[in-house]
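# Close look at the chain arrangement
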Amino acid sequence: VTHLLGDLYDCLVGKSETIENVKLELLTSDLEFEGPEKEAKSIANRVKLLIDSGEKPGEIAILFRRKKYIDILEDELLKLNISVNNTAQNFVKKVEIRDVIVLLKAISNKRDFLSLMSYLRSPMVGLNDNSLFIIGRYFNREEYNIEDKFLEKLEKDERILFEKGFKRLIKIKDIRPILSLRDTVSFAIKESGYFEIAPMLYGNIAKKNLFKFIDIAENFENEISSNLTEFFSYLEDSEIDIEEDDD
């Protein structure tokens, strides 16, 4: 910009100051030229330092000129166990909504092994990478199960997590044919314990988003179809905005 405008352009200067009890920080560094991932990691670490020093997470906001790299920063913040309320994000890209969609895809198509593994890794089950590697290697995709002798390779706690999570998935899968689309989504969220898990991880807004997702499923069923595959296509093509809550 300075090459184009010369003296007419004043470069932004990194600083920290307080105006009417609002602390503003403009972070600048050469990291932006090394790629968005490193820049996001740097910002996430700065947020972590602020929280560790006593700042309330809910009072920290990050402003962007572009939406392009917001998802990358959100992932870095979540890695540090910092909840995120992304007001610029499409509704179906919210973490709690993506988790539910993954579960629904897993119950709707047993050949969708990626969704099964994503479900097992999600907070609904919470398996670690080593357990996922073992399951990925020995899971029988045709019979849709894994033999006990291979499960014994898992740590005891991990095996319990898998058995409970997989049992819940099969239960949802078996009851799906007799449920409406709306009730399938509602039952999946309730049976997985996600009404309780999501707010603990992503704040109270996550629970409200889950109820909104149930409403979206009901409206889609009433107006278009009860088919899960068609519902997935609709979600992928849609741009549902997030309604901000006054609370």
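### Considering the overall build of the protein
- Of the regular secondary structure elements, the protein holds 12 helices and two strands.
- Ordered by position in the sequence, the α and β elements of the protein form the string α-β-β-α-α-α-α-α-α-α-α-α-α-α.
- Residues classed as buried in the protein amount to 36% of the 247 residues present.
- Nonlocal contacts in the protein, meaning residues at least 24 apart in sequence, comprise 55% of its contacts between residues at least 6 apart.
- Of the roughly 16,000 Å² of accessible surface on the protein, a fraction of 48% belongs to carbon and sulfur atoms.

### Overview of the pattern of salt bridges
- This model, assessed by the stated rule, comprises 11 salt bridges.
- The partner of E76 in a salt bridge is K79, with the nearest N and O atoms 3.4 Å apart. Residue E76 and its partner K79 are both found in helix 3 (residues 70-79); the two are separated by three residues, about one turn of the helix.
- For K79, a relative accessible area of 59% puts it in the exposed group.
- Of the charged contacts, one joins E163 and R159 as a salt bridge, the two residues approaching to 2.9 Å between their closest N and O atoms. Remark: R159 and E163 occur in helix 8 (residues 156-175); sequence separation between them is four residues, near one turn of the helix.
- Judged by its relative accessible area of 35%, E163 is partly exposed.

### Some details on the packing of aromatic side chains
- For the structure on display, the rule yields 11 aromatic pairs.
- Ring geometry for F220 against F231: centres 5.3 Å apart, planes inclined by 50°, an arrangement best described as tilted. Of this pair, F220 sits in helix 11 (residues 204-223) while F231 is found in helix 12 (residues 228-237), placing the two residues 11 residues apart along the sequence.
- One aromatic cluster is present, built from ring pairs that chain together F113, F139, Y144, F162 and F166.
- It is R141 that lies over the ring of F113; its NZ or CZ is 3.8 Å from the centre.
- It is K173 that lies over the ring of Y144; its NZ or CZ is 5.6 Å from the centre.

### A few points about the nonpolar core
- Ranked by internal contacts, the top residues of the largest apolar core, which has 52 residues, are L120, F213 and F231.
- A total of nine residues in this core trace back to one element, the largest contributor, which is helix 4 (residues 95-108).
- Ranked by size, the runner-up nonpolar core spans eight residues in total, among them A40, L73, I82 and V84.

### Describing helix 11
- A rise of 1.5 Å per residue sets the reference length of helix 11, with its 20 residues, at 28 Å; its end C-alpha atoms lie 29 Å apart and thus fit the reference within 8%.
- Every buried residue of helix 11 is listed here: I205, A206, N209, L210, K212, F213, I214, I216, A217 and F220.
- Buried-residue contacts for helix 11 involve helix 4, helix 9 (181-191), helix 10 (194-202) and helix 12.

### A closer look at the side chain of S131
- Relative to the elements of secondary structure, S131 occurs in helix 6 (residues 129-138).
- Relative accessible area serves as the criterion here: at 2%, S131 is assigned to the buried category.
- Setting aside anything within four residues of it in sequence, one finds S131 in contact with L154 and E158.

### Describing unusual backbone geometry
- Located in the positive-phi region is N81, a residue other than glycine, with phi close to 60°.
- By secondary structure assignment, the location of N81 is in the loop between helix 3 and helix 4.
- On the basis of relative accessible area, N81 is assigned to the exposed category, the value being 72%.
- One non-glycine residue, Y144, lies in the positive phi region at around 55°.
- Considering the arrangement of structural elements, one finds Y144 in the loop between helix 6 and helix 7 (148-151).
- Residue Y144 is classed as buried on the basis of its relative accessible area of 8%.

Conventions used here
- Residues numbered from 1 in each chain as written.
- Predicted model: local features only at pLDDT ≥ 70, side-chain atom pairs only at ≥ 80, totals over all residues.
- Heavy atoms only, no water.
- Helix = DSSP H or I, 4+ residues; strand = E, 2+ residues; numbered from the N terminus.
- Buried < 20%, exposed > 50% of the residue type's maximum accessible area, 1.4 Å probe, protein only.
- Contact = heavy atoms within 4.5 Å.
- Areas by Shrake-Rupley, 256 points an atom, 1.4 Å probe, with all protein chains shown as cover.
- Salt bridge = Lys/Arg side-chain N within 4 Å of Asp/Glu carboxyl O.
- Phe/Tyr/Trp six-rings, centres within 6.5 Å; stacked < 30°, edge-to-face > 60°.
- Lys NZ or Arg CZ within 6 Å of the ring centre and 35° of its normal.
- Core = buried A, V, L, I, M, F, W, Y, C linked by side-chain atoms within 4.5 Å.
- Expected span 1.5 Å × (residues − 1).

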